[in-house]
Amino acid sequence: MGTRISCTTAHLDDAGGMAEFLSAIPNSEDLAKVLHLGEPVASRAYDDDTWTARFVASDGRSVKCFAVTDITIDQAEMIAAASVLNPTLDETEFREAVAQSLGPTFDPA
């Protein structure tokens, strides 16, 4: 299995959309509280059991979560260091940032 990137989004004022968005994120209760404030936020988390990093960014109106699977915590830190937690970043730009962070070991296909 190889590294995969997925992106989910939701509008903060859409209760159903937010419930679905948060359901895919482990231990999302604290994130929900922060997002409920309606302020810009950027966060990241790494799940040791699944080798999955999640990068969350909100502009106070909507929220995005980029999940990157099958990477080490060190690779997740390299991605985070690339300042990818930008609410205006789209999936293509995120993929490019991941490819640049991970170098030739990453196949974006």
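Since the model is a prediction, treat every value here as computed from it, not as a measurement. (Residues numbered from 1 in each chain as written. Predicted model: local features only at pLDDT ≥ 70, side-chain atom pairs only at ≥ 80, totals over all residues. Heavy atoms only, no water.)

A. Up close: the state of the cysteines. Counted according to the given criterion, the structure contains zero disulfides. The thiol of Cys 7 is not disulfide-bonded; the next cysteine sulfur, from Cys 65, is found 7.8 Å away. Note on Cys 65: relative accessible area 4%, which makes it buried. (Disulfide = S-S within 2.5 Å. Buried < 20%, exposed > 50% of the residue type's maximum accessible area, 1.4 Å probe, protein only.)

B. The pairing of strand 3 (residues 52–58), seen in detail. A large share of strand 3 lies buried, amounting to seven of its seven residues. Taking every second residue as pointing to the same face, both faces of strand 3 are buried, with Thr 52, Arg 54, Val 56 and Ser 58 on one and Ala 53, Phe 55 and Ala 57 on the other. Sheet topology places strand 2 (residues 41–47) next to strand 3; seven bridges connect them, and they run antiparallel. Paired with Ala 42 across the strands is Ala 57, a residue of strand 3. The turn joining strand 2 and strand 3, which pair antiparallel and follow one another in sequence, is formed by four residues; a positive phi near 55° is taken by Trp 51. Two elements, strand 3 and strand 4 (residues 62–68), share six bridges in a ladder whose sense is antiparallel. Looking at the pairing, Ser 58 lines up with Val 63 of strand 4. The antiparallel hairpin formed by strand 3 and strand 4 contains three residues in its connecting segment, where Gly 60 sits at a positive phi of about 95°. (Helix = DSSP H or I, 4+ residues; strand = E, 2+ residues; numbered from the N terminus. Pairing = 2+ DSSP bridges.)

C. Inspection of the nonpolar core at higher detail. Ranked by size, the top nonpolar core spans 13 residues in total, and within it Phe 55, Val 68, Ile 71, Ile 79, Phe 94 and Val 98 carry the most contacts. Of all the secondary-structure elements, those providing two or more residues to this core are strand 3, strand 4, helix 3 (73–81) and helix 4 (91–102). With 11 residues, the next largest nonpolar core counts Met 18, Ile 25, Val 56 and Val 63 among its residues. (Core = buried A, V, L, I, M, F, W, Y, C linked by side-chain atoms within 4.5 Å.)

D. Structural view of the sheet that holds strand 1 (residues 5–11). Strand order in this open sheet of four strands is 1-4-3-2, and the pairing throughout is antiparallel. Where the open sheet ends on each side, the last strands, each with one partner, are strand 1 and strand 2. Geometrically, the sheet is characterised by an average inter-axis angle of 15° between neighbouring strands, direction not taken into account. Across the face of the sheet, helix 1 (residues 15–23) comes into contact with strand 1 and strand 4 while running at roughly 150° to strand 1. (Axes fitted to C-alpha atoms, helices over the stretch in contact; angles between N-to-C directions. Contact = heavy atoms within 4.5 Å.)

Nothing here speaks to function; it is all geometry.
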